[in-house]
Amino acid sequence: MDKILDIDNIDLKIISLLNEDAKTPYTEIAKKVFVSSGTVHVRMKKLEDMGIVKSATLNIDFSKLGYDISAFLGIYLEKSSLYDNVIEKLKEIAEVVSAYYTTGNYSIFAKIICRDTNHLRLVLDKIQKVDGIDRTETLIVLEESINRPIQFFDKEK
């Protein structure tokens, strides 16, 4: 039986509320979902055990910490068989905050965060020296217009 079938609308509402603000107390969620806080706790434990909820994260404004440059990096590999090795090396570069194995023009699409253009240049130099990377294309973010959690819909609709 597929584990997704064990999820109901209460679970989806709990996930949605925590996705908006992971610091929301279970008591407050319980009031909004019309269940007890114990039920929320049990449901969250179930969602964690199922691997649906992996962790709670913070939404940080990096520019207020002095990191003014966000960029996406399209990475071309010499051979697709080098993907695992390249990803392991990218994990060692702290400024690489996410990376995806993709279809299309790039083998890997990564997001990097840097203090300024000089820092960006240093990070790009580090990335381009990784064995297995053929070349990269950098797209600097001018503005993040949308950054939101997915909206879950009732399964009954």
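Residues numbered from 1 in each chain as written. Predicted model: local features only at pLDDT ≥ 70, side-chain atom pairs only at ≥ 80, totals over all residues. Heavy atoms only, no water.

For the protein chain, the name recorded in an unreviewed UniProt entry is Lrp/AsnC ligand binding domain-containing protein, with Algoriphagus aestuariicola as its organism.

Attention now goes to the nonpolar core. Grouped together as the largest cluster of nonpolar side chains are 22 residues, with contacts concentrated most on I75, V86, L90, I108, I112 and I127. Top contributing element to this core by residue count: strand β1 (residues 69-77), with 5 residues. Each residue touching I127, except ones within four places of it in the same chain, is listed here: L73, L90, I93, V96, I112, I133 and T136. Core analysis: the next-biggest nonpolar cluster, separate from the first, contains 14 residues, I7, I14, L17 and V53 among them. (Core = buried A, V, L, I, M, F, W, Y, C linked by side-chain atoms within 4.5 Å. Buried < 20%, exposed > 50% of the residue type's maximum accessible area, 1.4 Å probe, protein only. Helix = DSSP H or I, 4+ residues; strand = E, 2+ residues; numbered from the N terminus. Contact = heavy atoms within 4.5 Å.)

Here we take up the UniProt feature "domain: HTH asnC-type" (unreviewed entry) in the protein chain. UniProt tags residues 7-68 as "domain: HTH asnC-type" (unreviewed entry). Summarising residues 7-68: 53% helix, 0% strand, and an end-to-end C-alpha distance of 40 Å. (UniProt positions renumbered as here; feature names shortened; annotations may be inferred.)

This brings us to the layout of surface pockets. Taken as a whole, the largest pocket holds about 1500 Å³ of empty space. In this structure, the largest pocket is lined by 39 residues; those nearest its centre are T57, L58, N59, I60 and N147. Elements represented by at least two residues in the lining of the largest pocket include exactly α1 (9-20), α3 (37-49), β1, β2 (96-101) and β3 (108-114). (1 Å grid on protein atoms, 1.4 Å probe; cavity = no way out; pocket = protein on both sides within 12 Å on 5 of 7 lines; lining within 4 Å. Points joined across faces, edges and corners; volume = space filled by probe spheres on them.)

Further remarks concern the pattern of salt bridges. Enumeration over the complete set of coordinates arrives at 10 salt bridges. With its nearest N and O atoms 3.5 Å apart, the salt bridge here joins E28 to K32. Pair noted here: E28 and K32 are both in helix α2 (residues 26-33), with a separation of 4 residues, about one helical turn. In this structure E28 comes out as partly exposed when scored by relative accessible area, which is 36%. Sharing partners across several salt bridges, the network here consists of D8, D11, R43 and K46. (Salt bridge = Lys/Arg side-chain N within 4 Å of Asp/Glu carboxyl O.)

As summarised here, the arrangement of the 4 strands in space is β2-β3-β1-β4, forming an open sheet in which the pairing is antiparallel. Looking at the sheet topology across the chains shown, the edges are occupied by β2 and β4 (133-140). Taken over all neighbouring pairs, the strand axes of this sheet differ in orientation by 20° on average, direction set aside. Pairing geometry for β1 and β3, over 7 bridges, is antiparallel. Each bridged residue has a counterpart across the sheet, and for S70 the counterpart in β3 is I113. Strands in contact with helix α4 (residues 83-91) are β1, β2, β3 and β4; relative to β3, the strand with the most contacts, it is inclined by about 10°. Most of the contacts of helix α5 (residues 117-128) go to β3, to which it runs at about 145°, and overall it touches β1, β2, β3 and β4. (Pairing = 2+ DSSP bridges. Axes fitted to C-alpha atoms, helices over the stretch in contact; angles between N-to-C directions.)

Moving on, we get to the packing of α1 against α2. Orientation of α1 relative to α2, taken along the N-to-C sense of each, is 130°, at an axis distance of 10 Å. Relative to α2, the element α1 lies oblique. Taken as a pair, α1 and α2 cross one another with a handedness that is right-handed. The residues of α2 that touch α1, namely those facing I10, K13, I14, L17 and L18, are Y26, I29, K32 and V33. Of the residues contributing to the contact of α1 with α2, the split by class is 7 nonpolar, no polar and 2 charged. (Parallel < 35°, antiparallel > 145°, perpendicular 65-115°, else oblique. Left-handed = near helix turned anticlockwise from the far one by under 90°. Nonpolar A, V, L, I, M, F, W, Y, C, P; charged D, E, K, R; others polar.)

The next subject is unusual backbone geometry. Within the chain, F34 stands out as a residue other than glycine whose phi angle is a positive 65°. Following the sequence through the fold, F34 ends up in the loop between α2 and α3.

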